[in-house]
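Coordinate analysis (summary)
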Amino acid sequence: DISSWKEKVAFPDLEAMHARDILKQMWASIDHPEDYVTNVLFLSGAWERMNQLLGMEDALCAFYDDPEAVHGFLEAMCEYKLKCIDIACEAVDPDVIHMHDDWGSSANLFFSPDMWREFIKPVEQRICDHIHSKGKIYEHHSCGYITTIIPDLVEIGVDAINPLNISNDMEWIKREYGDRITLM
C-alpha cells in the first residue's frame, strides 16, 4: 500500500555500506582505466522500484488512489539516487551515468504521457540536472514504447536513450531529435 511507504521502506545507509570504498576497489582492479569510457549503471529507477515493491497493478492504481504518497515516494527515491550518483562520481569519476527505469511495454507507456509528466518527469529533471552539474553524460535506459515522451526527454536534457526499442517511431525520433539526443 503506497500510503504506508514511509513506514515500510528503508533506504540503505550508503556510508555504513562503504559504497564509496567498494567502488574505488572495483575501479582500482581495472587495467589502464584511462583507455575506457566509464559508465556507471544504476538499476531500478524511482518508478521501477515502486512497481517492484507494490506489484505492477497496485503501483499503477496508486497514481489514482494516493497521488500525494506517490509523489512522496518518487521524491524519496530520487534523493537516494542523487546520493548514489554523488558517491559514484567521487569514487570513480565516470564519464557516463546510466540510469535505468522502464516506462513502457512493447505497445505503449505504462501510464498516460500526462501522468508521466506529472509524476516521473520532475524526478527525471532533478536527476538529469544533477548528473549534468557533475559534468557527466546522462544515458537513460527504458525498455518499451516511449515515443510520446521523447520530446520531454530532450527538453529535460537526457543525452542518450538506451535501448530504443523497435516499437518506437525511430525514423521520426531521429528526424526530429537526432541532433539533440543519442539513440542507442
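As a reminder, the structure under discussion sits directly above these lines.
What this report covers is the structure whose coordinates are included nearby.

Thresholds applied
- Residues numbered from 1 in each chain as written.
- Predicted model: local features only at pLDDT ≥ 70, side-chain atom pairs only at ≥ 80, totals over all residues.
- Heavy atoms only, no water.
- Patch = residues over 30% accessible without salt bridge, like charges linked within 9 Å, V, L, I, M, F, W, Y side chains within 5 Å.
- Areas by Shrake-Rupley, 256 points an atom, 1.4 Å probe, with all protein chains shown as cover.
- Salt bridge = Lys/Arg side-chain N within 4 Å of Asp/Glu carboxyl O.
- Lys, Arg positive; Asp, Glu negative; His and termini not counted.
- Charge placed at Lys NZ, Arg CZ, Asp CG, Glu CD.
- Helix = DSSP H or I, 4+ residues; strand = E, 2+ residues; numbered from the N terminus.
- Buried < 20%, exposed > 50% of the residue type's maximum accessible area, 1.4 Å probe, protein only.
- Axes fitted to C-alpha atoms, helices over the stretch in contact; angles between N-to-C directions.
- Parallel < 35°, antiparallel > 145°, perpendicular 65-115°, else oblique.
- Left-handed = near helix turned anticlockwise from the far one by under 90°.
- Contact = heavy atoms within 4.5 Å.
- Nonpolar A, V, L, I, M, F, W, Y, C, P; charged D, E, K, R; others polar.
- Polar contact = N/O pair within 3.5 Å; in protein donor to acceptor, adjacent residues only side chain to side chain.
- Core = buried A, V, L, I, M, F, W, Y, C linked by side-chain atoms within 4.5 Å.
- Pairing = 2+ DSSP bridges.
- Right-handed = clockwise from strand over helix to strand, strands pointing away.

Among the surface-exposed residues, Asp1, Glu57, Asp58 and Asp65 lie close enough to one another that they form a single negatively charged patch. You can see Asp65 is positioned in helix α4 (residues 56-65). Since its relative accessible area comes to 63%, Asp65 is described here as exposed.

A separate point is the packing of helix α5 (residues 67-92) against helix α7 (residues 121-133). At a closest axis distance of 10 Å, the pairing of α5 and α7 adopts a crossing angle of 15°. Taken together, α5 and α7 sit at an angle that is classed as roughly parallel. The crossing of α5 and α7 is right-handed. On α7, the residues touching Leu74, Glu75, Cys78, Glu79, Leu82, Ile85 and Asp86 of α5 are Val123, Arg126, Ile127, His130 and Ile131. Each residue belonging to the contact of α5 with α7 can be placed in one class, and the counts come to seven nonpolar, one polar and four charged.

Per the counting criterion, the structure on display carries twelve salt bridges. As a salt-bridge pair, Arg175 and Glu176 come within 3.8 Å of each other at their nearest N and O atoms. For Glu176, a relative accessible area of 35% gives the class partly exposed.

Bringing the side chain of Asp102 into the picture now. If you trace the backbone, Asp102 turns up in the loop between β2 (96-100) and α6 (113-119). Although buried, Asp102 forms no salt bridge, and the nearest oppositely charged side chain, Arg49, lies 12 Å from it. Among the polar contacts listed, one links the side chain of Asp102 to the side chain of His141, at a separation of 3.1 Å. Leave out the neighbours within four places in its chain, and Asp102 touches Trp47, Glu48, Phe110, His141, Ser142 and Cys143.

Now for the nonpolar core. Ile2, Met50, Leu74, Ile85, Trp103, Ile127 and Leu153 are the most contacted members of the largest nonpolar core, which totals 55 residues. Among the elements that take part in this core, α5 stands out by supplying 16 residues, more than any other. Leave out the neighbours within four places in its chain, and Ile127 touches Cys78, Leu82, Ile85, Met99 and Tyr138.

The buried fraction of strand β3 (residues 137-141) amounts to four of the five residues, a majority that puts the element mostly inside the structure. As paired strands, β2 and β3 are joined by five bridges and run parallel to one another. Note on β3: the bridge partner recorded for Ile97 is Tyr138. Handedness of the crossover joining β3 and strand β4 (residues 160-162) through helix α8 (residues 150-156): right-handed.

Read these as layout, nothing more, since geometry by itself doesn't imply function.
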